[in-house]
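Structural features, examined
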Protein chains: 2
Amino acid sequence: MQVLPPALNELIEAFGMLPGVGPRSAERYAYYIVRNQYANPEKLAQALSSIKGSIDYCEKTFALVQKGQKLSGLYTDPRRDKTIVAVVAEPFDILPLEKTGLFNGTYHVLGGLISPIDGISPDELHIKELLERISDDKVTEVILALNASVEGESTALYIQKQISDSGLKITRLARGLPIGVDLEYADQITLSRALEGRQTL
Amino acid sequence: MQVLPPALNELIEAFGMLPGVGPRSAERYAYYIVRNQYANPEKLAQALSSIKGSIDYCEKTFALVQKGQKLSGLYTDPRRDKTIVAVVAEPFDILPLEKTGLFNGTYHVLGGLISPIDGISPDELHIKELLERISDDKVTEVILALNASVEGESTALYIQKQISDSGLKITRLARGLPIGVDLEYADQITLSRALEGRQTL
């Protein structure tokens, strides 16, 4: 016995493909659209239809850009310092760094992290292009803004080895206690890093 | 400075209109679709585009049906007992009742609950149609399967008054302890109802 009309079942199933959306959430989204007369499913439908054809990657930084745009505004903006490059794994890692409002250098997206288990070797990442940028743009500092994971650490180490003899400054994001977390609830590894990287007052 | 391409911002904004989806979840959904080469946004786009034009309401029970279908399969199925009617507020309330597999009567969707605050009077609900069904289908039992809220209770009372002189059996869903909840954590109202409705063993 089909309790719901097929079109509604299809919509619930399609919502279910989103990350972290289980059957109950998918039902809730679909019900909302059916029940709410002001809901505009066409807007989401159009945004979904056009997304894959309307984004591209910046040729220099590999950040996401609008289709047809060769270079990201984050690179071409004359107010940004091209001699400082923050290296990130994914295009989406740029957003939280930009939100701090503290960084006015440029970005370089690797397109992933070195991971022998997932079969991702250094050749598949945009490391060669990073080395070219370092010499082309006379880069003075490379900030390795990578995740504090095994893959992030080993990718940082690999890049460090590649550019260590060029004499430029290589830094990475500080490890330590996140703001708002109590000392007693901090995990051992974070606390070890916070202790190692303790700062003189 | 625009960090993300406009198409991606539009997609994030469109996801944000779903219930319970904040900016972070909307970003996560949009990023997943852009990042995952196997993601098929067209499927969701098509389901969204067609949903509003492809569902309708059953003329008898007001359950959701496919466009063009006059009566719900939950009503026309000869194996279902038309003399027992479960009255629910919304079409989506049918699903959990069907999932129990214990009910083989038919449903009647009111299309809401009486609520003076929201300006919903009995005339706006499908109560007249329920009274017609009661006489047409020779209904013997009406199960008021409404929420245990103020609106649910007062709607149940209103319907009870309308049909009390017709001599048919009027029941409502049992109130009591939900399965898996400890006595010590049960709220006072639930426990009061469980005590009032105690069953002889």
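No experiment lies behind these values; they were computed from the predicted model shown.

With that out of the way, let us pick up the environment of B:R172. All names here are of chain B. Mapping R172 onto the fold places it in strand β6 (residues 169-172). Classification of R172 as partly exposed rests on a count of 17 C-beta atoms within 10 Å. Between the C-alpha atoms of R172 and V87, which are 85 residues apart in sequence, the distance is 9.3 Å. Here R172 is in contact with I143, L144 and A156, once residues within four sequence places are set aside.

As a further point, take the pairing of strand β5 (residues 141-144) of chain A. Residues and elements named next belong to chain A. Alignment of strand β3 (residues 81-88) against β5, held across 4 bridges, turns out to be parallel. Bridge assignment links I84 to a residue of β5, and that residue is E141. Across 4 bridges, β5 lies against strand β6 (residues 169-172) in parallel orientation. Within β6, the position partnered with E141 by the bridge is K169. Note that the unit made of β5, helix α7 (residues 150-163) and β6 has a crossover that is right-handed.

To continue, consider the relation of the copies chain A and chain B. Here chain A sits on chain B after a turn of 180° about the axis and a move of 0.1 Å along it, with an RMSD of 0.1 Å. In the structure described here, the two chain copies are related by an operation that fits a two-fold rotation axis. Relative to the rotation axis, the closest C-alpha in chain A is found at A:A45, a distance of 2.0 Å. Mapped onto chain B, 100% of the interface residues of chain A again fall at the interface, so both copies present the same surface.

Residue and element names in this part refer to chain A. Its identity as a non-glycine residue notwithstanding, F62 has a phi of 65°, on the positive side. With respect to the helices and strands, the residue F62 is situated in the loop between β1 (55-57) and β2 (64-66). We classify F62 as buried; it has 21 C-beta atoms within 10 Å.

Taken together, the contact between chain A and chain B spans 43 residues of the former and 43 residues of the latter. Mapped by element, the contributors of at least two residues to the side of chain A that touches chain B are α1 (6-15), α2 (23-35), α3 (41-54), β2, α4 (73-76) and α5 (94-100) of chain A. Per element, the largest residue contribution to the side of chain A that touches chain B is 12 residues, and it comes from α3(A). Class assignment of the residues belonging to the side of chain A that touches chain B gives a composition of 30 nonpolar, 6 polar and 7 charged.

Now for the domain arrangement of chain A. Segmenting chain A into domains produces domain 1 (6-39) and domain 2 (56-169). Between the C-alpha centres of domain 1 of chain A and domain 2 of chain A there is a distance of 37 Å.

Okay, the packing of helix α1 (residues 6-15) of chain B against helix α2 (residues 23-35) of chain B next. All names here are of chain B. Following both chains from N to C, one finds α1 and α2 inclined at 130°, their axes separated by 8 Å at the closest point. Classified by the angle their axes make, α1 and α2 are oblique. Judged by the sense of rotation from one axis to the other, the crossing of α1 with α2 is right-handed. On α2, the residues touching L8, L11, I12 and F15 of α1 are A26, E27, Y29, A30 and V34. Class assignment for the residues of the contact of α1 with α2 results in 8 nonpolar, no polar and 1 charged.

Another aspect to go through is the sheet that holds strand β4 (residues 105-109) of chain B. All names here are of chain B. Spatially, the 4 strands line up as an open sheet ordered β4-β3-β5-β6, and their pairing is parallel. Where the open sheet ends on each side, the last strands, each with one partner, are β4 and β6. Neighbouring strand axes in the sheet, compared pairwise and without regard to direction, differ in orientation by 25° on average.

One finds A:L8, A:L11, A:V87, B:L8, B:L11 and B:V87 to be the most contacted residues of the largest nonpolar core, which totals 102 residues. If we ignore the near neighbours within four places in the chain, the residues touching B:L8 are A:I51, A:I55, A:L64, B:A30 and B:V34.

Glancing now at the sheet that holds β5(A). Residue and element names in this part refer to chain A. The strand order across the open sheet built from 4 strands is β4-β3-β5-β6, with neighbouring strands paired in parallel fashion. The open sheet has two edge strands, β4 (105-109) and β6, and neither has a second partner. If you compare each strand with its neighbour and ignore which way they point, the axes differ by 25° on average. Sheet analysis places β3 next to β4, joined by 5 bridges and oriented parallel. Its bridge partner being in β4, D81 is matched across the sheet by G105.

Definitions and limits used
Residues numbered from 1 in each chain as written. Chains lettered and ligands numbered in written order. Predicted model: local features only at pLDDT ≥ 70, side-chain atom pairs only at ≥ 80, totals over all residues. Helix = DSSP H or I, 4+ residues; strand = E, 2+ residues; numbered from the N terminus. Buried ≥ 20, exposed ≤ 12 C-beta atoms within 10 Å, placed from the backbone. Contact = placed C-beta atoms within 7 Å. Pairing = 2+ DSSP bridges. Right-handed = clockwise from strand over helix to strand, strands pointing away. Least-squares fit on C-alpha atoms with pLDDT ≥ 70 in both. Nonpolar A, V, L, I, M, F, W, Y, C, P; charged D, E, K, R; others polar. Domains from an automatic or database assignment. Axes fitted to C-alpha atoms, helices over the stretch in contact; angles between N-to-C directions. Parallel < 35°, antiparallel > 145°, perpendicular 65-115°, else oblique. Left-handed = near helix turned anticlockwise from the far one by under 90°. Core = buried A, V, L, I, M, F, W, Y, C linked by C-beta atoms within 7 Å.

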